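Fold and contact review
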Amino acid sequence: MTTARVVSRNAAVLMVGQGVSLAMRVVYLAVLARYVGPDGVGSISTATSLVAILSLVIVFGLDTLLVRDVAADRARAQAYVSQVIALRLGLTLLFVPLLLVTIALSSYTRETRAIIGIYALAYVLDTFYSIARSVFHAHQRMGYGAAVEVGRDLVNVLVSLIAVSLGWPLIVIVAISAAASLLKLVAGMALLSWRFVRPTLRVDVRASLRLLRSAMPFGAVLALGVIGTQLNTVLLSWWASSETVGLFSAAATPMGILLIVPGVVMESVFPAFSGYGGRRTAGLARSYQVSYKALLASGFAMGVGVMVVAPQVVLIVYGAEFGGAVPALRIMAVQLLTMVGYVNGAFLHATNQQALFARIRVGLVALNAVLCLALIPRWGHVGAATATVVPGVLDLFLYTALCHRYLELEFPWGLLLKTAAGATAMAAVALLALRVGVPLAAVILLVAPLTYGAVLVALRVLGRADVEFLRSIAPLVGWRRRILGRMGAHGR
């Protein structure tokens, strides 16, 4: 239960921080989309996707390695930080010419090329900040990173909104993001020096090579994940106009925001999983099962919910000009149904199975590329959305089977079917409520969650052991205790 409380605390801290950032980003996104239109959003999306892929040269999986190894032995922090800083400086020297050649050979407009360059600077700054963030997470002190990132988003959003109100050009608004990333780097390194270790630049060639070799599987997994996520936008930008890319981005961006939830869970459970040192113990199995069930239930609720309210979401956030994004958004909502894969990924990395994880990802990314080549020329942004979600469905089943086999557990067919039944019932009730005139906010906040929760309890998706586990990680919330107690009574 100590592990449960730590994971719960860290998840809560990250969720609060991400929730605040999420609210600011939604406001920022709504204002910016109306200011620059689909064409401007398409330019930004093209730039961020291209830079995200190229910056993999700098990241190289070192952050994940740092979290895993320092979480297991905190005495390694000083040496790891020094070597990762040195490695990141060297890898940046490889990234810069690669970026310049890519920009020179591209057929993008002058403004898009400039935006690519500015976002590249922001990404480089973020990779150095992530060293501090990795140490925070390795020590399971997620609050430091959450505070820094909320502060960065606050500065970025407020100054950007001022720039929009003054009618400044898009290039200036993009530059504000790079400046905010610089402030985040300074704050992160200051906290790292104050509370953990003092960053130093000490080059040890042999140690650096060992770290690169150890990080290589993590880097491969990260590269496959980023390429699988961003490749669709880059390929779409080759065949379609910036406006079409903007419609695809309008569908992809809400998914990226909502996928913060499984990202928070993954960052919270990864150090906890790593703490077992890869040993197949009852504690590891219990932590995995509860995390899996919680994220599966959340993902089905969010995914089906987005499918139901997609037209309203696009209209409220982007405006009528982005109406063509609705079909793509409904398709991409399938990603949320499969977000339990984040727990599977954290588990496989923590149990030193990242090489196997990477080999499967190669096949899934290749499938995504093939689908993009086949579907984008014919169906544009809808084809790109379809190519995105098919590998994710396969991901769910493949990695779930691997994790359960490692723990000697049966494949959770019953859990999947019951959760799907609950989400289907929720969708039916939500659609009916919208048709009879129930306000959207009431449907999202009351009707849908109450329906979903009632069905999950009736189907005993939440058993007595799960209720006791949830009660143990929220001992100070009286109203939650009473609700969970009643749920447990029904579960008996």
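In what follows, the structure referred to is the one given above.
Let us look at the structure shown here. These numbers come from a predicted model, not from an experiment.

Remarks on the nonpolar core
Among the nonpolar cores identified, the biggest contains 142 residues, and F273 and F347 are the most heavily contacted of them. No other element matches helix α11 (residues 282-317), which puts 17 residues into this core. Excluding residues within four positions of it along the chain, F273 makes contact with L284, S287, Y288, S291, V343, A346, F347 and A350. Residues A52, L56, A223 and V226 belong to the second largest nonpolar core, which totals six residues.

Some details on the side chain of N232
Within the secondary structure, N232 sits in helix α8 (residues 205-239). Taking the relative accessible area as the measure of exposure, N232 reaches 0% and is therefore buried. In this structure the side chain of N232 is engaged in a polar contact, spanning 3.0 Å, whose partner is the side chain of N368. In this structure N232 touches F248, N368, C372, I376, A384, A387 and T388, once residues within four positions along its chain are discounted.

Quick look at the packing of helix α6 (residues 142-165) against helix α7 (residues 170-195)
Direction vectors running N to C along α6 and α7 enclose 160°, while the axes themselves pass 9 Å from each other. Taken together, α6 and α7 sit at an angle that is classed as roughly antiparallel. Judged by the twist between their axes, the crossing of α6 over α7 is right-handed. Of the residues in α7, those touching α6 at Y144, V148, E149, R152, V155, N156, V159, S160, A163 and V164 are I173, I176, S177, A180, S181, L183, K184, A187, G188, L191 and R195. Looking at the contact of α6 with α7 residue by residue, the classes come out as 12 nonpolar, five polar and four charged.

Basis of the calculations
- Residues numbered from 1 in each chain as written.
- Predicted model: local features only at pLDDT ≥ 70, side-chain atom pairs only at ≥ 80, totals over all residues.
- Heavy atoms only, no water.
- Core = buried A, V, L, I, M, F, W, Y, C linked by side-chain atoms within 4.5 Å.
- Buried < 20%, exposed > 50% of the residue type's maximum accessible area, 1.4 Å probe, protein only.
- Helix = DSSP H or I, 4+ residues; strand = E, 2+ residues; numbered from the N terminus.
- Contact = heavy atoms within 4.5 Å.
- Polar contact = N/O pair within 3.5 Å; in protein donor to acceptor, adjacent residues only side chain to side chain.
- Axes fitted to C-alpha atoms, helices over the stretch in contact; angles between N-to-C directions.
- Parallel < 35°, antiparallel > 145°, perpendicular 65-115°, else oblique.
- Left-handed = near helix turned anticlockwise from the far one by under 90°.
- Nonpolar A, V, L, I, M, F, W, Y, C, P; charged D, E, K, R; others polar.

Purely geometric stuff here, so don't read any function into it on its own.
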